[in-house]
Amino acid sequence: MLKIKDLHVEAGGKEILRGINLEIMDGQTSVLFGPNGSGKSTLLAAIMGLGHCKVTKGNIVYNGVDITNMPIDERARMGIGMMMQRPPNIVGVKLKDLVRVISKDDSVTDRANEFRMDNFLERDINVGFSGGEIKRSELLQLTAQKPKFVLLDEPESGVDLESIDLVGKKVRELLYEDSHCDLGKTVSALVITHTGQILDHIGADRAYILNDGHIKCSGRPTDLLKDIRERGYKECIQCRMVKM
Ligand SMILES: Nc1ncnc2c1ncn2[C@@H]1O[C@H](COP(=O)(O)OP(=O)(O)O)[C@@H](O)[C@H]1O
Ligand SMILES: [Mg+2]
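If you're wondering where the values come from, they're calculated on a predicted model, not measured in any experiment.

The number of helices and strands found in the chain is seven helices and twelve strands. Computed over the C-alpha atoms, the radius of gyration of the chain is 18 Å, within 12% of the 18 Å expected from 2.2 N^0.38 for a compact globule of 244 residues. For the chain, the C-alpha atoms occupy an extent of roughly 55 × 35 × 35 Å along the three principal directions. Counting the 244 residues in the chain, one finds 41% classified as buried.

See the structure below:
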């Protein structure tokens, strides 16, 4: 479904990604680990086509179409959706108006209730929202869009214990939209997680560690998470590179 080949990306005049190769099959969920500043958010931004990223080499192919230089709205129409790590405040645009435009039906209030966001519909997007409220708002918008390829940038970060189960449940529904079991899953995903908490709620097929703009290794998500927790990134990457 997604094939990334030798991708080099610049942001702010600096080369951040330096030759990423990654393939995600139909219905697969992949997880991306990596230390702060390694380029995880930049990779998601490049796939979605956010304006601050400049692809200098390589390409991104989605469902057989080269989207490397495609405008962001066309990528969204093709079914790619993203939950940002730190989305911007959008002063002057109410949450309800954005959700209504995105929704393919008009169940804005019902949908907002499900995310405990009904009291936020009249507010400007993200303005004065807490960390957890921003995540619920992002998920509400993403769910309305019904994407086929989902990019999640640290969906659980800043979410308090009370909301974490709700976020986990909603992410699960997003990924398993068309079925109630893991078999027959049609939505694919690339998920960044620091804590691994989201893995308690979704099944993941493959995990990768990004460091210094390169993918250093891959493995089963639970194995990699265990190694990272026990050894830290530096030692984990060195050890796994020897094994590979
Ligand atoms: N728009 C930008 N301008 C300048 N530097 C940027 C920009 N976006 C990201 N960077 C830099 O690129 C590096 C990788 O950032 P990021 O992809 O956010 O890392 P991660 O998500 O892995 O923590 C960081 O050093 C960050 O400061
Ligand atoms: Mg990030």
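After that view of the structure, there is still more to cover.
Its 15 residues place the ends of helix H6 (residues 161–175) 22 Å apart at the C-alpha level, agreeing with the 21 Å of an ideal helix rising 1.5 Å per residue. All of the buried residues along H6 are Ser163, Val167, Lys170, Val171, Leu174 and Leu175. Projected down its long axis, H6 carries its buried residues within an arc of 130°, all on one side. Relative to its buried face, H6 has exposed residues pointing more than 90 degrees away, namely Leu161, Glu162, Asp165 and Lys169. Buried residues along H6 sit in contact with strand E3 (29–33), helix H5 (131–145), strand E9 (149–153) and strand E10 (188–192).

A word on the packing of H5 against H6. When two helices pack together, their arrangement is given by the angle between the helix axes and by the axis-to-axis distance. For the pair H5 and H6, the least separation of the axes is 11 Å and the interaxial angle reads 20°. Classed by the angle they form, the pair H5 and H6 counts as roughly parallel. The way H5 lies across H6 gives a crossing that is left-handed. Together, Gly132, Lys135, Arg136, Leu139, Leu142 and Thr143 of H5 and Ser163, Val167, Lys170, Val171 and Leu174 of H6 make up the contact between the two elements. A breakdown of the residues in the contact of H5 with H6 according to their chemical character gives five nonpolar, three polar and three charged.

Here the focus is the environment of Gly196. Relative to the helices and strands, Gly196 resides in the loop between E10 and strand E11 (206–211). Separated by 32 residues in the primary sequence, Gly196 and Ile228 place their C-alpha atoms 10 Å from one another.

Attention shifts here to the sheet that holds E9. Taken in spatial order, the six strands line up as E6-E9-E10-E3-E11-E12 in an open sheet, and their pairing is mixed. For this open sheet the edge positions go to strand E6 (80–83) and strand E12 (214–219), each flanked by a neighbour on one side alone. When strand polarity is set aside, the average angle formed by the axes of neighbouring strands in this sheet is 20°. The sheet contact formed by E3 and E10 spans four bridges and is parallel. Counted as the bridge partner of Ser30 is Leu190 from E10. Helix H1 (residues 40–48) contacts E3, E6, E9, E10 and E11 of the sheet and is inclined by roughly 150° relative to E9.

Overall, antiparallel pairing links the four strands, which are arranged E2-E1-E4-E5 in an open sheet. Each end of this open sheet is capped by a strand with a single partner; those strands are strand E2 (14–24) and strand E5 (65–66). Bridge analysis of strand E4 (residues 53–62) against E5 gives two bridges, and the strand direction is antiparallel. The residue of E5 that forms the bridge with Val61 is Asp66.

A word on the site of ligand 1. Contacts to ligand 1 come from 13 residues, most closely from Ala11, Gly12, Lys40, Ser41 and Thr42. For the shell around ligand 1, the element with the highest residue contribution is H1, accounting for three residues.

Cut-offs applied
Residues numbered from 1 in each chain as written. Chains lettered and ligands numbered in written order. Predicted model: local features only at pLDDT ≥ 70, side-chain atom pairs only at ≥ 80, totals over all residues. Helix = DSSP H or I, 4+ residues; strand = E, 2+ residues; numbered from the N terminus. Rg over C-alpha atoms; globule rule 2.2 N^0.38 Å. Buried ≥ 20, exposed ≤ 12 C-beta atoms within 10 Å, placed from the backbone. Expected span 1.5 Å × (residues − 1). Arc of directions from axis to C-beta. Contact = placed C-beta atoms within 7 Å. Axes fitted to C-alpha atoms, helices over the stretch in contact; angles between N-to-C directions. Parallel < 35°, antiparallel > 145°, perpendicular 65-115°, else oblique. Left-handed = near helix turned anticlockwise from the far one by under 90°. Nonpolar A, V, L, I, M, F, W, Y, C, P; charged D, E, K, R; others polar. Pairing = 2+ DSSP bridges. Near = placed C-beta within 6 Å.

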